[in-house]
Amino acid sequence: MTQTVIVLDFGSQYTQVIARRIREANVYSKVLPFNTSINVIRKLNPVGIVLSGGPASVLVKGAPKPKQEIFSLGIPILGICYGLQLMGTMLGGQVKSSTCREYGRGKLNILSKGSLFKGIPSKLTVWNSHGDCLVKLPKGFKSLAQTENSDFASIENTAKNFYGLQFHPEVEHSEKGKEIIRNFLFSVCKCTGDWDMEDFTISAVGEIKKKVGKKKVILGLSGGVDSSVAAALIHRAIGDQLICIFVDNGLLRLNEREQVKELFHNHIPGKLKISLAGSLFLKKLKGVTEPERKRKIIGKTFIEVFDKEVKKLGKVDFLAQGTLYPDVIESVPIDGNPASLIKSHHNVGGLPKKMKLSLLEPLRELFKDEVRDLGRALGLSESVLMRHPFPGPGLGVRVIGSITSRKLKVLRQADSIFIEELNNSNMYHKLWQAFCVFLPVRSVGVMGDERTYENVISLRAVTSSDAMTADWAQLPDKLLRKVSNRIINEVKGANRVVYDISSKPPSTIEWE
């Protein structure tokens, strides 16, 4: 039986990163709402529980808390940030609002290695994000580490196997964070680390068969990694009960439709329908500038187009989507957790309340790299699996401001040049994502002896492992110079190119 570590979600934007770090250690993790019943937890028979961080304060009335009985299950528990403070207060300690709040990088001084810091240097740079701190330890606990402003930056109760970290080991910015999590998994929880994507594939195929039965499923195939892997997985489970539909919404990259047809023909056996709906999308988006409204319009229109296709196909019961964990956590609170909304994705927040189809989202607990591993297990080629992510709303959120066919044409040509040169310089596969953005500003230029007044294109390229955090890529000067020169000379309507050097956080990867 697969060992499971439960992550109780208190609304942290990094909850899914915790789950990802656990899976990287070949241990299966499952995210559940913070108020999950003890009976449900017992049925899952977890070998460990992690209490995530969260935006709330334990000092506020009504702050989210787990069931008190969780501390009587005899299961190892790790509290992270808000999770540490919860554990502290619920077991008899005391938390106060800090005089000096800790946000961003901080210095951790380890006083006692214990199980968590086995093999870890005594001084680390870690990532903090809290305004409260534990000031009195619960009975049976001792301090393992300190920061400049906290005497209890890490705590442990070895008799109960309870541990706490005031910082966030799950994010890339924390030194040795992955090793600390692994110490909890293997030294404390005694995990065997034998879970892999083959296990997920077997489980997912079984769940799809059980949920779908003999009914029909349609899936919006975009040609991207997520929808392609979802299609391959669902097809393995139910075969010809799956019908894939490609919607040309007029917001695609250059030659996208032809590429999708080739992909489907070569890699995903089954039925493919193509719907040409570009004029409908552009009509509904005319004059719309607000990003969230764009996303909602595109999402709603997408479903409307699907409804029309459904009528042509007879009775269809399920709409399948390649929704991933990052899509969910950035769009809507999962299962009612207290997460703050960042932005909606058209395949999450843009769905109408009264859908005619039931949703099938077999990838919604996976991260992008895990989806790629799943695709490999399903036999998809690297050319498909290593394509950069492309947003559901397409170029609709890369044309900043109002959308017109002219702006889309300029953006398509510029984006095609950027991607071509990244491939020519062998940089494409070193990046998480790269694309162009059409900016709603015009600038003066000189071409030949004539004055021009044209648009600005921004280049965006980032490195990341999970899209939850990302750094801007330091592309070679020679490459940037060539891309800029080609865009200005070859794309009519663009006379200036800039490069976005902002990271996530505080920015997002996409501009809208």
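Computed from a prediction, not measured in an experiment: that's the story for all the values here.

### Quick word on the packing of helix H13 (residues 405-424) against helix H14 (residues 477-490)
Link 1 in the chain: The geometry of H13 relative to H14 is characterised by a closest axis approach of 10 Å and an angle of 150° between their N-to-C directions. One finds that H13 runs roughly antiparallel with respect to H14. Considering only the axes of H13 and H14, their crossing is right-handed. Residues Ala414, Ile417, Phe418, Glu420, Glu421 and Leu422 of H13 form the contact with H14, whose own contacting residues are Leu479, Lys482, Val483, Arg486, Ile487 and Glu490.
Link 2 in the chain: Taken together, the residues of the contact of H13 with H14 break down into seven nonpolar, no polar and five charged.

### Re the packing of aromatic side chains
Link 1 in the chain: Counted under the stated rule, the structure contains six aromatic pairs.
Link 2 in the chain: Ring centres of Tyr163 and Phe184 lie 6.5 Å apart, and the angle between their planes is 70°; on these two criteria the pair is classed as edge-to-face. Taken together, the positions of Tyr163 in strand S9 (residues 162-165) and Phe184 in helix H4 (residues 177-188) put the pair 21 residues apart, joining distant regions of the chain. By the burial criterion, Tyr163 is buried, and Phe184 matches it.
Link 3 in the chain: Between Trp472 and Tyr499 the ring centres are 6.3 Å apart and the planes differ by 75°, which places this aromatic pair in the edge-to-face class. Taken together, the residues Trp472 in strand S17 (residues 471-472) and Tyr499 in strand S18 (residues 494-499) connect sequence positions 27 residues apart.
Link 4 in the chain: Looking at Trp472, the relative accessible area reads 29%, which means it is partly exposed.
Link 5 in the chain: Through pairs of rings, three or more aromatic residues link up here, namely Phe10, Phe34 and Tyr82.
Link 6 in the chain: Of note, Arg372 hangs over the ring of Trp432, and the distance from its end group to the ring centre comes to 5.7 Å.

### Observations regarding the packing of helix H5 (residues 197-212) against helix H11 (residues 368-377)
Link 1 in the chain: Where H5 meets H11, the axes come as close as 9 Å, and the angle between the chain directions of the two elements is 75°. In terms of their interaxial angle, H5 and H11 are classed as roughly perpendicular. Note on element contacts: H11 touches H5 through Glu370, Asp373, Leu374 and Ala377, opposite Met197, Glu198, Phe200 and Thr201.
Link 2 in the chain: The class makeup of the residues in the contact of H5 with H11 is four nonpolar, one polar and three charged.

### Comments concerning the confidence of the model for the protein
Link 1 in the chain: For the protein, the average pLDDT comes to 86, and 90% of its residues sit at 70 or higher.
Link 2 in the chain: Per-residue pLDDT stays below 50 along residues 331-353; that stretch engages in 66 contacts with residues further than four places along the chain or on separate chains.

### Side note on the nonpolar core
Generally speaking, soluble globular proteins have nonpolar side chains that are buried together.
Link 1 in the chain: Counting 49 residues, the largest nonpolar core has Ile218, Phe418, Leu422, Ile457, Leu459, Leu475 and Ile487 as its most contacted members.
Link 2 in the chain: Of all the elements in the fold, those that place two or more residues in this core are strand S11 (242-248), helix H8 (278-285), helix H9 (291-313), H13, strand S15 (433-447), strand S16 (450-463), H14 and S18.
Link 3 in the chain: With eight residues, the top contributor of residues to this core is H9.
Link 4 in the chain: Leave out the neighbours within four places in its chain, and Leu459 touches Phe418, Phe435, Cys436, Leu480, Val483, Ile487, Val497, Val498, Tyr499 and Asp500.

Cut-off values and rules
- Residues numbered from 1 in each chain as written.
- Predicted model: local features only at pLDDT ≥ 70, side-chain atom pairs only at ≥ 80, totals over all residues.
- Heavy atoms only, no water.
- Axes fitted to C-alpha atoms, helices over the stretch in contact; angles between N-to-C directions.
- Helix = DSSP H or I, 4+ residues; strand = E, 2+ residues; numbered from the N terminus.
- Parallel < 35°, antiparallel > 145°, perpendicular 65-115°, else oblique.
- Left-handed = near helix turned anticlockwise from the far one by under 90°.
- Contact = heavy atoms within 4.5 Å.
- Nonpolar A, V, L, I, M, F, W, Y, C, P; charged D, E, K, R; others polar.
- Phe/Tyr/Trp six-rings, centres within 6.5 Å; stacked < 30°, edge-to-face > 60°.
- Buried < 20%, exposed > 50% of the residue type's maximum accessible area, 1.4 Å probe, protein only.
- Lys NZ or Arg CZ within 6 Å of the ring centre and 35° of its normal.
- pLDDT = per-residue confidence, 0-100.
- Core = buried A, V, L, I, M, F, W, Y, C linked by side-chain atoms within 4.5 Å.

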